[in-house]
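# Structural features, examined
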Amino acid sequence: LGLAAALAAALLLAGGVGALPVGLADWAALVQAPGGELSGGAHVLWSLRLPRALLAATVGAALGLAGALTQGLFRNPMADPGLLGVTSGAVGAAALVLTVFAASAAAVPPAWRLWVLPLSAFAGALAVCFALERGARWLTPGSITGLLLTGLALNAFTMALVGLCTFVATDEQLRSLTFWTLGSLAGGSWPVAGLLLVVLALGEAVAGHLGVDVQRLRTRLIVIVALLSAFAVAWCGLIGFIGLMAPHLVRAAAGADQRAVLPLAMLAGAVLLLVADTVARTAAMPAEVPVGIVTALIGGPAFLWLLHRTVRTSGQGGPL
């Protein structure tokens, strides 16, 4: 209930603040004239801020769910799609499409172009996810440190691909790559937000079975983690730390039962990203700070604190 109330408050805040203030009269105009002509603050609210806020909430929920699933799948509280290289795999595939395969992507029929980046991002995320799962079990079976190091190696490889694409990109392609590497929700629209809601519903349906037999669901969970990460990256770029922080926050409050962690992590992720996007959109008006920078500024210190807490809890601390 607390997270639901926080999400409602964050939605109201995201809709109300900005370069053009939005008041209660503008909210009332949406109810009084649904589908009709809107002007002023009501038009800004319906056409720009509400779809962007809904996109931020759905992407945050997807990243929170992907983080909780990753931590449950690998049985590692420090795991998340970003740290393990899954998100960067999606970014690397999208970067290849934007640069190396730009000409072939332009030949795709217009009706299919909306799916080029999501499908390529999904393929990249899925490839890294399977490589991580197989590679860690082969190289360092049962080692949490080995799992993280394998993820860091895959992360470095995929980000090297992004760097190579940046080197060969044209000026226009370079601007698009900057969008992917820093993250932004500026492209939010009702169709994209609705599509992500459908993807999120698929992920939630599969996640509802977690806790019964992890081995039997391993492949399905890998696909879901890749799908959630890929769709988030495809339209919003690289947004880090949401998948790491959201499960930890709810686990500290509600315990480690995955049946509770999964839905609560979705709510927490939605609140975190919605608040971060509101800060990114309003902190330097009229300019806009990439939301990936805001989440990194918050998530970096949070990750160090979580790492310190994990080491203390496991009893592996002590002088070097």
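Structural data are supplied above this passage.
Residues numbered from 1 in each chain as written. Predicted model: local features only at pLDDT ≥ 70, side-chain atom pairs only at ≥ 80, totals over all residues. Heavy atoms only, no water.

### Some remarks on the environment of W46
Note the threshold: Secondary structure elements follow DSSP: runs of H or I no shorter than four residues count as helices, runs of E no shorter than two count as strands, and numbering proceeds from the N terminus. We call two residues in contact whenever any of their non-hydrogen atoms come within 4.5 Å of each other.
When you line up the elements, W46 lands in helix α3 (residues 40-74). Linking W46 and L30, residues 16 residues apart in sequence, is a C-alpha distance of 7.5 Å. The residues touching W46, leaving out its near neighbours within four places in the chain, are L30, L38, P51 and W190.

### Quick notes on the packing of helix α2 (residues 24-32) against α3
Using the following cut-off: Throughout, an axis means a line fitted to C-alpha atoms (over the contacting stretch in the case of helices), and angles, computed between N-to-C directions, take values from 0 to 180 degrees. When describing relative orientation, an angle under 35 degrees is termed roughly parallel and one over 145 degrees roughly antiparallel, while 65 to 115 degrees is termed roughly perpendicular and anything else oblique. Amino acids are sorted into nonpolar (Ala, Val, Leu, Ile, Met, Phe, Trp, Tyr, Cys and Pro), charged (Asp, Glu, Lys and Arg) and polar (every other residue, Gly among them).
Where α2 meets α3, the closest approach of the two axes is 8 Å, and the angle between their N-to-C directions is 80°. On the basis of their axis angle, the class for α2 and α3 is roughly perpendicular. Only G41, A42, L45, W46 and L50 of α3 make contact with α2, whose side of the interface consists of D26, W27, A29 and L30. Residue composition of the contact of α2 with α3, grouped by class: 7 nonpolar, 1 polar and 1 charged.

### Remarks on the pattern of salt bridges
Spelled out, the test is: One speaks of a salt bridge when a side-chain nitrogen belonging to Lys or Arg is within 4 Å of a carboxyl oxygen belonging to Asp or Glu. A simple rule labels every residue: compare its accessible area, found with a 1.4 Å probe on the protein chains alone, to the largest value its type can have, and call it buried under 20%, exposed over 50%, or partly exposed in between.
Evaluated as defined, the whole model comprises 3 salt bridges. In this structure, R52 engages D277 in a salt bridge whose closest nitrogen and oxygen atoms are separated by 2.9 Å. Of this pair, R52 sits in helix α3 while D277 is found in helix α13 (residues 258-282), placing the two residues 225 residues apart along the sequence. Residue R52 shares its accessibility class with D277, and that shared class is buried. The partner of R52 in a salt bridge is E288, and the shortest N-O contact between them spans 2.7 Å. Of the two residues, R52 sits in helix α3 while E288 sits in the loop between α13 and α14 (291-314), which places them 236 residues apart along the sequence. Its relative accessible area of 9% is what places R52 among the buried residues. Among the residues examined, E288 registers a relative accessible area of 37% and is labelled partly exposed.

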